[in-house]
Amino acid sequence: MAYNVTLIPGDGIGPEVTEATRRVLEATGIAFSWDVVHAGAGVVDRLGTPLPENVLESIRKNRVALKGPVTTPVGSGFRSVNVALRKELDLYACLRPCKIYPGAPTQFKDVDIVVVRENTEDVYSGIEFEKGTDQAARLIELVSKMGHGVREDSGFSLKVISETGSRRIIKFAFDYARAYQRRKVTAVHKANIMKFSDGLFLAIAREVAGEYPDIEFEDRIVDNMAMQLVRRPQQFDVIVAPNLYGDILSDLCAGLIGGLGLAPGANLGDDIAVFEPTHGSAPGYKGQNKVNPMAMMLSGVMMLRHLDETKNADRLEKAIAEVIAEGKNVTYDMKPPGHQVVGTSQVADAVIEKLEK
Ligand code: NAD
């Protein structure tokens, strides 16, 4: 029987990396019934919204989706489809494994980190008040009554961290560590400064850690964490962080393992899973058959594991790893300038050839 999976090609380079991934997934021999639906900047003009209701309906029905990156305008325009999707479907855990495959373009060795990012709260709460609006003025009045001076020409993005949201993501990180035989969880925060938001996150992390005596626990202040990740990433195993730090640190970790072209991800709720790479829609590369599809393919590997297709997940991951190790059929981001590289679809051909061997 075929797996029903929602497929969202996305914007920019999304359709190319999604198509390459669809091809390698089908080459494993597993049958998929793809429900192709469209979201993002590409549909706004036609449908009046970047996140049409049929996209949410399809994911709710199928419970599993493979999603290409979508564009979010910077500073103005419509709000992020990704943030909306994660909130609407309560996909509270963003899982971003960052592992070095031999042959990947990096100076580091033996990095195998999993970033667990809280996906629904923090400064991504969406509670924002624009400078000069009535709402901003009312907020300024309220906080000034509480004894805090705020400049009148301020804009606001509220940082919201709850005990409920913190507990479930931290538990998720520890459960993940246990399930995948990981030895340590590191909680990241800035609790020295933001005592009531990050401080709450840290207090809950310490409490939850007590329920998992078999897993080592430590915490780091985010700035120090960034420095230590670059100096000695091998000391880290599972990292759990509120939304913004998780977002930034997972890109940093992608840099450690060879770049965004190699960094997969998943957005997970209690019974819905949306798999997508860490990278964005890189609009400058759109339609050039140039970018690396491996981050999206490795997100597909994560999807296979989620579907309990462990053997095929291992086969596909091995095939991708072999293409990386061989270094013959890789994209521009995997080689120094001047070396011979191939395009997105040729990487898929090479992975399929390995799978068929
Ligand atoms: P980006 O990840 O799209 O690209 C940054 C740079 O990384 C690119 O210029 C390119 O050099 C490199 N890169 C990214 N993907 C690559 C790949 N597969 N292979 C090789 N190189 C790759 O980040 P950005 O330019 O900051 O954002 C572009 C758009 O993507 C924005 O609208 C942003 O909101 C959106 N975005 C979407 C998602 C998502 O849909 N989950 C995530 C991040 C950013």
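This one's a predicted model, so the numbers in the text were calculated from it and none came from an experiment.

Draft legend 1. Up close: the pattern of salt bridges. Across all of its chains, the model carries 31 salt bridges by this definition. Taking the shortest distance from any N to any O, the salt bridge between glutamate 88 and arginine 60 comes out at 3.5 Å. One end of the pair, glutamate 88, is in helix α4 (residues 81-88); the other, arginine 60, is in helix α3 (residues 53-62), with 28 residues separating them in the sequence. Here lysine 159 ties to aspartate 198 by a salt bridge, and the two come within 2.8 Å at their closest N and O atoms. Of this pair, lysine 159 sits in the loop between β7 (156-157) and α6 (163-179) while aspartate 198 sits in helix α7 (residues 198-209), and the two are 39 residues apart along the sequence. With a relative accessible area of 24%, lysine 159 lands in the partly exposed category. Three or more residues are tied together by salt bridges with common partners; here these are Lys99, Arg305, Asp314 and Glu317.

Draft legend 2. Representation of unusual backbone geometry in the model. The backbone phi angle of glutamine 181 is positive, close to 50°, even though this residue is not glycine. Within the secondary structure, glutamine 181 sits in the loop between α6 and β8 (184-189). With a phi angle near 65°, aspartate 308 is a residue other than glycine that sits in the positive phi range. On the basis of relative accessible area, aspartate 308 is assigned to the exposed category, the value being 64%.

Draft legend 3. Focus on the site of the ligand. If you check the shell around the ligand, you find 22 residues, and the closest are Val70, Thr72, Gly280, Ala282 and Asn292. The separation between an oxygen atom of the ligand and a polar main-chain atom of threonine 72 is 2.8 Å. Within the complex, 69% of the 820 Å² of free accessible area of the ligand lies under protein. Grouping the amino acids of the shell around the ligand by side-chain chemistry returns nine nonpolar, nine polar and four charged.

Draft legend 4. The arrangement of α7 in detail. An ideal rise of 1.5 Å per residue puts 16 Å on 12 residues; α7 measures up with 16 Å between its terminal C-alpha atoms. Inspection of α7 places Asp198, Gly199, Phe201, Leu202, Ile204, Ala205, Val208 and Ala209 among the buried residues, and these make up the whole buried set. Next to the buried residues of α7 lie α6, β8, β9 (216-221), β10 (238-241) and α9 (243-256).

Draft legend 5. Layout of the side chain of threonine 120. You can see threonine 120 is positioned in the loop between β5 (112-118) and β6 (128-129). Polar contacts involving the side chain of threonine 120 include one to the side chain of glutamate 118, which spans 2.6 Å. Discounting residues that sit within four places of it in the chain, threonine 120 has contacts with Arg86, Lys87, Asp90, Leu91, Tyr92, Arg168 and Asn243.

Draft legend 6. Quick peek at the packing of aromatic side chains. Throughout the structure, instances matching the rule amount to seven aromatic pairs. Arranged with centres 6.1 Å apart and planes meeting at 40°, the rings of tyrosine 3 and phenylalanine 32 form a pair that is tilted. Placement of the pair is tyrosine 3 in strand β1 (residues 3-8) and phenylalanine 32 in strand β2 (residues 32-36), with a sequence separation of 29 residues. Given a relative accessible area of 11%, phenylalanine 32 falls into the buried group. Their ring planes at 15° and their centres at 5.5 Å tell us that tyrosine 285 and tyrosine 332 sit as a pair that is stacked. On the criterion of sequence distance, the pair formed by tyrosine 285 in the loop between β12 (273-275) and α10 (294-306) and tyrosine 332 in the loop between α11 (310-326) and α12 (344-356) is long-range, its members being 47 residues apart. Owing to a relative accessible area of 30%, tyrosine 285 belongs among the partly exposed residues under this scheme.

Draft legend 7. Spotlight on the layout of surface pockets. By volume, the largest pocket is sized at about 1000 Å³. In this structure, the largest pocket is lined by 36 residues; those nearest its centre are Thr72, Pro73, Ser80, Val83 and Tyr124. Contributing elements (two or more residues each) for the lining of the largest pocket: α4, β6 and α9. The element contributing the most residues to the lining of the largest pocket is α4, with five residues. Reported here for the second largest pocket is a volume of approximately 670 Å³. Surrounding the second largest pocket, 30 residues form its lining, Leu95, Tyr176, Tyr180, Met302 and Arg305 being those nearest its centre. Of all the secondary structure elements, the ones that give two or more residues to the lining of the second largest pocket are β4 (93-99), β5, α6, β12 and α10.

Conventions adopted
Residues numbered from 1 in each chain as written. Predicted model: local features only at pLDDT ≥ 70, side-chain atom pairs only at ≥ 80, totals over all residues. Heavy atoms only, no water. Salt bridge = Lys/Arg side-chain N within 4 Å of Asp/Glu carboxyl O. Helix = DSSP H or I, 4+ residues; strand = E, 2+ residues; numbered from the N terminus. Buried < 20%, exposed > 50% of the residue type's maximum accessible area, 1.4 Å probe, protein only. Near = heavy atom within 4 Å. Polar contact = N/O pair within 3.5 Å; in protein donor to acceptor, adjacent residues only side chain to side chain. Areas by Shrake-Rupley, 256 points an atom, 1.4 Å probe, with all protein chains shown as cover. Nonpolar A, V, L, I, M, F, W, Y, C, P; charged D, E, K, R; others polar. Expected span 1.5 Å × (residues − 1). Contact = heavy atoms within 4.5 Å. Phe/Tyr/Trp six-rings, centres within 6.5 Å; stacked < 30°, edge-to-face > 60°. 1 Å grid on protein atoms, 1.4 Å probe; cavity = no way out; pocket = protein on both sides within 12 Å on 5 of 7 lines; lining within 4 Å. Points joined across faces, edges and corners; volume = space filled by probe spheres on them.

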